[in-house]
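The primary structure of each chain is shown beneath.
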Amino acid sequence: MKIRHVLMVLAAMLGCVQVAVAQDEGLSQRIQTLKQGVLDLNRDLTLLEEELLYPSSQAAFFLSVDVGTPIRLVDVNLTLNGQHVGYHFYTDAEFDALTKGGIQRLYTGNIQSGRNVLEATITGYDPRGKDYQKTTSYTFDKGPGRKLIELRVVDDLDAMQHRFEFREWEE
Amino acid sequence: MRRLPCRLGAMALGVLMALTSASAQESSTRLVLFEDIPLGPLPLGLEEQRYLAFGEAIFDYYSDHQFAALSGLKVNQVRGLFDEHTEYAELLLGELFVNYGLPAQAEEIFDRLLKQDILSRTRAETWLHKADLHYRQGQYGAARDILESNRLRDLKPEQQPRRQLMLANILISQGEFRAATRELDAVDPNSVAGAYAGYNIGVAMIRAGQTDTGLARLDRVAGLPPGDEEINALKDRAALAMGLTELQRQRSDQARAALLRIRADGPFSNEALMALGLANYERGAARAALPLWLELVRRNPAHESVQEAMLLAPRAYEDLGAQTQALAGYRFAAEQFRNALRDIEQAIRSVDGAGWLASLTPAQVDSRSSDPMAWLTRFGTARGAQVMYLHALFAERGFAENYRQYQQLVRLRDTLARHQRELPVLLATLSQRQQQLDGILPRIRAELVALRQQQQQLSDRTMLLAMGMPRQLDIDTPEDLADLPQLIMWQRIDALLDSGRGGSRQRDRLARLRGLLLWDIANQAPEQRQRQEQDSAALRTDAELIGLRIAALEQLVRDASLALRSDLGARLNAQKQRIDRLLADADSAINDLGQVLKNDALRVLALQRVRLGEHLAEAHLSAARLQDTSANGGRGDRP
């Protein structure tokens, strides 16, 4: 009798892995309304903050890599006219996101007009696991409109390292 | 570890390629390749902005910052970058709404997309999303209708397993095992989702009475090659289910063979030891069962299998005629059960306290920087007396889902609290900037007008200089071709010759010197003209740059003028009440959901208390029975 009971207890623990979850309707509806409210507020505050902090002539720098690259990006350090403006260390998930076509915004701000020099230093591991560092600079002119620059880290499989390409857009 | 779909990567690549080709067309018939990227700036059009904005959303999505991706897409909708015609962004937005827990908004997007004239592949993917939505809401009928229809005919091959798994799970829940098996046969059984589906169908078949087929299914899962922790735990679970089924069929040898496949250090080792002991006991080998149960007795008494072993081990001693050891075992069990009951009382008080739910969140997670939709490790670092007794609760899908929702709400509240703190800073920045601009704008406007005039003059002069430069080298005007020292020398000699001073001999020498200088000038003229042209070009560039800077300043002045006249302050102020209201709603929802979670935990603890009470009574009665038997010279009856 005791043995049967133990068996039933153990078997009850091994149900199917459930997929759908029921929740209290009223609370569920309240949570959905709240989530929608927070999302809308977040959107509106982002737009207001941007209106306040970044006038129509803002500049932004982005980083992307070749889709499916075997070269691992470790970190990037960014300077503008010799001043440090950004650093990012890539987690596995972030690097994975880049290799799937993601583009990372490294910097947004108001920069001086006229000639500017952007310098990027990147550390990476080549497909053989050897680390390396590369620095590249890019000169651009900032005018009255928005300036967007994409730093593309592309594969140079001959050298088993990255090389850089810049794409620049302006309004 | 959650598996994020990889199709968005392909989608991002598609968008990238489409935009690259658009850029290539815009740069007038030039094929843009790696080494051939235009060096200068390109005009920032709508497609370029979409390319960057969607790339950012993809980056956030795959970096487990889904709330940031969702917010970014909503912001870019207001900016006019994304609308119902950018179906790639719509699809991502719909999926993010599903993950965020706003199914109505997701369905609205999917329905809108399906009404449009879109690619058949995109249409099929949208239908798949819609089926997924129904599936998550438990509307299996609606989901099945879509999944079995030919609306998914043009689905990409890499998306087929998702359709098949979903359909298989629905068919399992509806008891249609043959059809579910057909769907699952096409799915990689080594994948996590495939392995779970295989396990589910096996258990469901056993429950439906198709024991042999169900066991064969479970055997396939248990026999998968070793993988990550999730796969290995599922393999153990499948072997345990097989062992228990065989035990219920009273096939001890088969049960034993299945249970021996479970890892000794896995999450199901307690159950395995217990069941293995039972398998031995069932076939009359109490001596073989005893060491397994004694091993369990040394483990954590909060676990149900350990509690059962504490009663079964002395019973096995009894069967083997070791009454003294059996009595000691029952007494030990009673003491352990009393301790466990005391722990449960403490646990109940702790769960009822204020900080219990917060104590379940992994300590290393910084909720302030964490995305509200980020996937946090569940209960990984949870500590405290109550945690030992709540393992069963933590394994429940419903509790886990509610707790995930709770964590999300807490982080959304953190986001709101951050907005509440930042709003006064934004208002102060606005006020400070307006005061500053009020003071300096009139002066800057005036200075800018003067600077614009100067720049215009400079630009005209550089233009004139460039235009006035003769195309050919003309030695009749050596001043134009000489460098600075030569020019000074030339002017000095000319002055001396023109003055008429000195004798004829000196004048002859000056004339010869003039000739030599002229020869030098003529000799260096090509290089000198090249330098002059370079200097002229540099001057033009400098003038253009100054023009650019003045244009930028004019833009800043226009922005500042607009900022002074704008109602930004009022709009920012209006957010305060909105934030306060949402914070109150968040507190209320967190409180209510927290109470639901606590009630679940208290329910589990109450059940454990009842069971432990029963165990304690059984241990006492068994000990008393043994003592009576001993006093009566071994004539006691065992129940």
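Reading the values: rules and limits
Residues numbered from 1 in each chain as written. Chains lettered and ligands numbered in written order. Predicted model: local features only at pLDDT ≥ 70, side-chain atom pairs only at ≥ 80, totals over all residues. Helix = DSSP H or I, 4+ residues; strand = E, 2+ residues; numbered from the N terminus. Buried ≥ 20, exposed ≤ 12 C-beta atoms within 10 Å, placed from the backbone. Contact = placed C-beta atoms within 7 Å. Expected span 1.5 Å × (residues − 1). Bend = angle between axes of the 7 residues up to and from the residue. Core = buried A, V, L, I, M, F, W, Y, C linked by C-beta atoms within 7 Å. Domains from an automatic or database assignment. Pairing = 2+ DSSP bridges. pLDDT = per-residue confidence, 0-100. Axes fitted to C-alpha atoms, helices over the stretch in contact; angles between N-to-C directions. Nonpolar A, V, L, I, M, F, W, Y, C, P; charged D, E, K, R; others polar. Parallel < 35°, antiparallel > 145°, perpendicular 65-115°, else oblique. Left-handed = near helix turned anticlockwise from the far one by under 90°.

(A) Structural view of the overall build of chain A. For chain A, the helix and strand inventory stands at three helices and eight strands. Secondary structure elements of chain A, listed N to C terminal, follow the sequence α-α-β-β-β-α-β-β-β-β-β. Going through the 171 residues of chain A one by one, you find that 29% of them count as buried. Sequence separation of 24 or more characterises 66% of the internal contacts of chain A that already satisfy a separation of 6 or more.

(B) Representation of helix 23 (residues 504-565) of chain B. The terminal C-alpha atoms of helix 23 of chain B lie 80 Å apart, and with 62 residues this falls more than 12% below the ideal 92 Å at 1.5 Å per residue. Of all the bends found along helix 23 of chain B, the most pronounced is centred on Ala525 of chain B and spans about 60°, while Pro526 of chain B, a proline, follows it within four residues. Those residues of helix 23 of chain B that sit buried are Ile521, Arg549, Ile550, Ala552 and Ala560 of chain B. Close packing links the buried residues of helix 23 of chain B with strand 5 (114-125) and strand 6 (131-142) of chain A together with helix 21 (397-468) and helix 22 (484-499) of chain B.

(C) The environment of Gly329 of chain B, seen in detail. Structurally, Gly329 of chain B can be placed in helix 17 (residues 323-352). Those residues in contact with Gly329 of chain B that lie beyond four places of it in its chain are Ala313, Pro314 and Tyr317 of chain B.

(D) Here's a closer look at the nonpolar core. By size, the foremost hydrophobic cluster in this structure holds 154 residues, and its most contacted members are Ala238, Leu240, Leu259, Ala275 and Trp293 of chain B. Tallying contributions element by element places helix 24 (residues 568-631) of chain B first for this core, with 12 residues. Two domains each donate at least three residues to this core, and these are domain 1 (27-55) and domain 2 (59-170) of chain A.

(E) Structural context of the environment of His162 of chain A. Residue and element names in this part refer to chain A. Residue position: His162 is located in strand 8 (residues 161-170). Judged by local crowding, His162 falls into the buried class, with 23 C-beta atoms found within 10 Å. The contact partners of His162, leaving out residues within four places of it in the chain, are Ile71, Ile122, Gly124, Lys134, Val153, Val154, Asp155 and Asp156.

(F) Region of interest: helix 10 (residues 192-207) of chain B. Residues and elements named next belong to chain B. Between the first and last C-alpha of helix 10 there are 23 Å, a value that for 16 residues agrees with the 22 Å anticipated at 1.5 Å per step. Burial within helix 10 is extensive, with 13 of its 16 residues counted as buried. Remark: Gly209 follows helix 10 within two positions and exhibits a positive phi of approximately 95°.

(G) Region of interest: the pairing of strand 6 of chain A. All names here are of chain A. Where strand 5 lies against strand 6, 12 bridges are found, and the strand directions are antiparallel. By the bridge assignment, Leu118 is partnered in strand 6 with Tyr138. Linking strand 5 to strand 6, which pair antiparallel, is a turn of five residues; within it Gly129 sits at a positive phi near 90°.

(H) A look at the confidence of the model for chain A. Residue and element names in this part refer to chain A. Overall, the predicted model of chain A reaches an average pLDDT of 86, with 85% of residues at or above 70. Predicted confidence in chain A is weakest over helix 1 (residues 2-12), with a mean pLDDT of 60, and strongest over strand 1 (residues 59-65), with 96. Every residue in residues 18-22 is under pLDDT 50, and counting partners more than four places away or in other chains gives eight contacts.

(I) Quick look at the sheet that holds strand 2 (residues 72-80) of chain A. Spatially, four strands are ordered 3-2-5-6 (chain A) in an open sheet, and the strand pairing comes out antiparallel. Both edges of this open sheet fall to strand 3 (83-89) and strand 6 of chain A, since each of them pairs with a single strand only. Looking at each pair of strands side by side, their axes are set apart by 20° on average, direction ignored. Together, strand 5 and strand 6 of chain A form the strand contacts of helix 23 of chain B, whose direction differs from that of strand 5 of chain A by roughly 90°.

(J) Fine view of the interface of chain B and chain A. In this complex, chain B contributes 85 residues to the contact, which on the side of chain A involves 69 residues. Among the elements that take part in the side of chain B that touches chain A, helix 21 of chain B stands out by supplying 13 residues, more than any other. When grouped by side-chain class, the residues that make up the side of chain B that touches chain A number 50 nonpolar, 17 polar and 18 charged. Sheet analysis places strand 8 of chain A next to strand 1 (residues 42-43) of chain B, joined by two bridges and oriented parallel. Across the sheet, the residue bridging to Glu170 of chain A is Pro43 of chain B, located in strand 1 of chain B.

(K) The arrangement of the environment of Asp265 of chain B in detail. The topology assignment puts Asp265 of chain B in the loop between helix 13 (252-259) and helix 14 (269-282). For Asp265 of chain B and Leu390 of chain B, which are 125 residues apart along the polypeptide, the C-alpha to C-alpha distance reads 20 Å.

(L) Structural context of the domain arrangement of chain A. Partitioning chain A into domains gives domain 1 (27-55) and domain 2 (59-170). Look at where the C-alpha atoms of domain 1 of chain A and domain 2 of chain A centre, and you get two points 30 Å apart.

(M) Spatial organisation of the packing of helix 22 of chain B against helix 23 of chain B. All names here are of chain B. As a packed pair, helix 22 and helix 23 sit with axes 10 Å apart at the nearest point and diverge in direction by 155°. With respect to their mutual orientation, helix 22 and helix 23 come out roughly antiparallel. Remark: the crossing between helix 22 and helix 23 carries left-handed chirality. Between helix 22, through Gln486, Met489, Trp490, Ile493, Leu496 and Leu497, and helix 23, the contact on the second element is made entirely by Arg507, Leu510, Leu513, Arg514, Leu517, Asp520 and Ile521. Considered class by class, the residues forming the contact of helix 22 with helix 23 number nine nonpolar, one polar and three charged.

(N) Structural context of the confidence of the model for chain B. Residues and elements named next belong to chain B. Overall, the predicted model of chain B reaches an average pLDDT of 86, with 90% of residues at or above 70. The spread of mean pLDDT over the elements of chain B runs between helix 1 (residues 7-26), the lowest at 43, and helix 3 (residues 66-78), the highest at 97. Note on residues 1-7: pLDDT is under 50 here. Beyond four places in sequence and across chains, it has eight contacts. Per-residue pLDDT stays below 50 along residues 9-36; that stretch engages in 32 contacts with residues further than four places along the chain or on separate chains. Interface confidence for the predicted complex, expressed as ipTM, amounts to 0.90; the pTM equals 0.81.

(O) Local environment of the sheet that holds strand 1 of chain B. Taken together, the five strands give an open sheet; going across it, the order is 4(A)-1(A)-7(A)-8(A)-1(B), and neighbouring strands pair in mixed fashion. What marks the edges here is a single partner per strand, and that holds for strand 4 (104-109) of chain A together with strand 1 of chain B. Where strand 1 of chain A meets strand 7 (residues 147-156) of chain A, seven bridges bridge the pair, whose relative direction is parallel. Across the sheet, Leu63 of chain A pairs through a bridge with Leu151 of chain A, a residue of strand 7 of chain A.

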